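Residues per chain, in single letters:
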Amino acid sequence: MRAGSFAAAVALAGLAFLLVPIVITIVMSFSSASSLQFPPPGFSLRWYESFFGNPRWVEALVTSALLALVSSVIALVLGSLAAYGVARGRFPGRGLLEANFIAPMILPAIVIAVALYLFLAKVGLLGSALGLVLAHVILSAPFVIMVVGVAIRGFDQRIEQIAFTLGASRRQMVLRVLLPNLLPSLASAYILAFVSSFDEVIVTLFVAGTYETVPKRMFNELVLEVNPTITAIATIMIGVSLLATLLIALISGRRGVMGSMMGK
Amino acid sequence: MSAVTQGMLPGHAARAAPRAGWGAGAYALPLLGLMIIAFDLPILLMLAQSVLSPQPTLEHWAELGQSPVYLRVLGNTFQMALITALVCGALGYPLAFWIRCLKPRAQLVALSLVLLPFWISVLVRTYAWIVVLGNAGLVNRSLLWLGLTEAPLPFLYNTLGVTIGTTNVLLPFLVLPLVASMMKMDERLFQAAATLGASRMAIFWRVFFPLTLPAFAAGTLLVFILTLGFYVTPAILGGGRVPMIANMLDVLINVMPRWEVAAAISTLLLGATILLFGLYRMVGGRRS
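Residues numbered from 1 in each chain as written. Chains lettered and ligands numbered in written order. Predicted model: local features only at pLDDT ≥ 70, side-chain atom pairs only at ≥ 80, totals over all residues. Heavy atoms only, no water.

Here we come to the environment of Val242(B). Residues and elements named next belong to chain B. Tracing the chain through its elements places Val242 in the loop between helix H12 (232-237) and helix H13 (245-255). Assessed through its relative accessible area of 4%, Val242 is described here as buried. Through-space distance from the C-alpha of Val242 to that of Asn76 is 7.7 Å; in sequence the pair is 166 residues apart. The contact partners of Val242, leaving out residues within four places of it in the chain, are Asn76, Met80, Asn158, Thr159, Val162 and Pro234. (Helix = DSSP H or I, 4+ residues; strand = E, 2+ residues; numbered from the N terminus. Buried < 20%, exposed > 50% of the residue type's maximum accessible area, 1.4 Å probe, protein only. Contact = heavy atoms within 4.5 Å.)

Given below as structure tokens:
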């Protein structure tokens, strides 16, 4: 079948609609004007200087990076183990267990934000680093479960059985046979978990208290005024995301980004 | 399996070789523990708070039904979700169809471009629309410069602005699964229709389109579900004039504060999402 010219026109408009905002933000971040003039009258790095020259932005960047680093490591370790348990375990309620692990990704973030806010307030952890890390771990873990789960199900189970036959305990088999073979998927899962934590805004807004992450500060600035400094941090975040996509594409090789994203 | 193992390795007879079963399942326990504490328990507490605070009562739920403010915001949210689903469908179907008809290499490029915004923070994508459509934005400046309008057109801080933002974020969620389902279709089906004398229009509307309907309906429903919980887009592109459930929850928690009512509304949103998601699984089939 061929697409007619009408379908092609709508399709190209749709594609442009998806991409134009991204392109414009990147171009504007190098503008020399203090208004949102497009095309920019000249180019400069003043918005990047204004970002890195502002200690509050830099502090937010450090908080975001630390938070993403810690929570994605925990999510990777616990999530990978759980993915193994769900993929290879034979016990009743396995489907329910997996649904429970994936749920934070499917439910509206605002519901999780409200539930965590009420809970953390009750136990006195609202605005604590521990509460923030816990929130980010449960939000990032589904990405690990999905990516690593697919990889484990695609791994030849007979290899695991051979390790057992040769006298390996389950722990030895998981650590010395399974995990080394899953390294590419683990790397993809880690990057996904890191980016999802770094970008998270809604739950963070509710439970972070006085901690300020980059998305939280961006959001609070955006509600008040349009400040071109945000185009600079937005471009940096686009850069990080693209780099992550590229890394995952390289790691997962032929399967490609589509495959690792959509769990195929 | 374990019997064979023990037979071959008598020295290990005391330690049975690990089998698939509870043993492997134990690896899920650490995350399960964390999930129970930091996710399941909070959700249950939220449900409880909406009916048990301070004593068993339905007054917080009754307040929802009686207050016109809550009902208006709920109606507004469902309306936004419907508009977004329709716009995404109208834009996404031709896009998916066009991608399906491309040559494999071009297809890969087009799919990557659709996937690209997936990777970029919703915040950044929402912000970009202020740059493009704001009063001092690209479009309004061009219109003023061309003399097509006297004053900047109000694209943002109304329903239109929020629709543009939500559609932009959710379009890939409709397009990607739709392309996947379209690519699974057997090309010979259309060749057969052509052999039987069907025109191109007839092949599309009477063979191709009906076959894509389940995936199309499922994708539109997914967009509807995801719009219900939107917070960032209405807050930034609606300028407070297009309040949705999530923004009302923010007010009830952080400004008012009316935690019990917030718990009730949040529970309502949770229930609606789960219900619609079940419907989505039914419509789209298990594999989509």
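Residue and element names in this part refer to chain A. Domain assignment breaks chain A into domain 1 (1-44) and domain 2 (54-262). For domain 1 versus domain 2, the distance between C-alpha centres works out to 30 Å. The interface is formed by seven residues belonging to domain 1 together with seven residues belonging to domain 2. Across the interface of domain 1 and domain 2, roughly 570 Å² is buried in total on both sides, 83% from carbon and sulfur atoms. Summed over the shared surface of domain 1 and domain 2, the result is zero salt bridges. (Domains from an automatic or database assignment. Buried area = accessible area lost by both parts, 1.4 Å probe. Salt bridge = Lys/Arg side-chain N within 4 Å of Asp/Glu carboxyl O.)

Each side of the interface is counted separately: chain A has 95 residues, and chain B has 95 residues. Both faces considered, chain A and chain B share a buried interface measuring about 8600 Å² in area, 81% of it formed by carbon and sulfur atoms. At the junction of chain A and chain B, the tally comes to zero salt bridges. A total of 15 residues in the side of chain A that touches chain B trace back to one element, the largest contributor, which is helix H1 (residues 5-29) of chain A.

Mean pLDDT over chain B: 85, with 91% of residues reaching 70 or higher. A low-confidence stretch, residues 1-15 of chain B stays under pLDDT 50, and its non-local contacts, those more than four residues away or across chains, total 18 contacts. (pLDDT = per-residue confidence, 0-100.)

Before going further, it helps to examine helix H8 (residues 170-181) of chain A. Working note: α-helix, 3.6 residues per turn, so residues spaced by three or four point in the same direction. All names here are of chain A. When the terminal C-alpha atoms of H8 are compared, their 15 Å separation across 12 residues agrees well with the 16 Å that a helix rising 1.5 Å per residue should span. Within the sequence span of H8, burial applies to Arg170, Met173, Val174, Val177 and Leu178. Buried positions in H8, seen along its axis, are confined to an arc of 125° and lie on one side of it. The exposed residues of H8 that point more than 90 degrees off its buried face are Arg171 and Arg176. (Expected span 1.5 Å × (residues − 1). Arc of directions from axis to C-beta.)

If you check UniProt for "domain: ABC transmembrane type-1" (unreviewed entry), the listed places come out as residues 74-280 of chain B in our numbering. Along residues 74-280 of chain B, the helical share is 79% and the strand share 0%, with 21 Å between the first and last C-alpha atoms. (UniProt positions renumbered as here; feature names shortened; annotations may be inferred.)

Let us now look at the packing of H8(A) against helix H9 (residues 183-199) of chain A. All names here are of chain A. Between H8 and H9, the least distance of the axes is 5 Å, while the angle of their chain directions is 70°. In this view, H8 runs roughly perpendicular relative to H9, as classed from their interaxial angle. Residues Leu179, Pro180 and Asn181 of H8 form the contact with H9, whose participating residues are Leu183, Pro184 and Leu186. Residues of the contact of H8 with H9, tallied by class, amount to five nonpolar, one polar and no charged. (Axes fitted to C-alpha atoms, helices over the stretch in contact; angles between N-to-C directions. Parallel < 35°, antiparallel > 145°, perpendicular 65-115°, else oblique. Nonpolar A, V, L, I, M, F, W, Y, C, P; charged D, E, K, R; others polar.)

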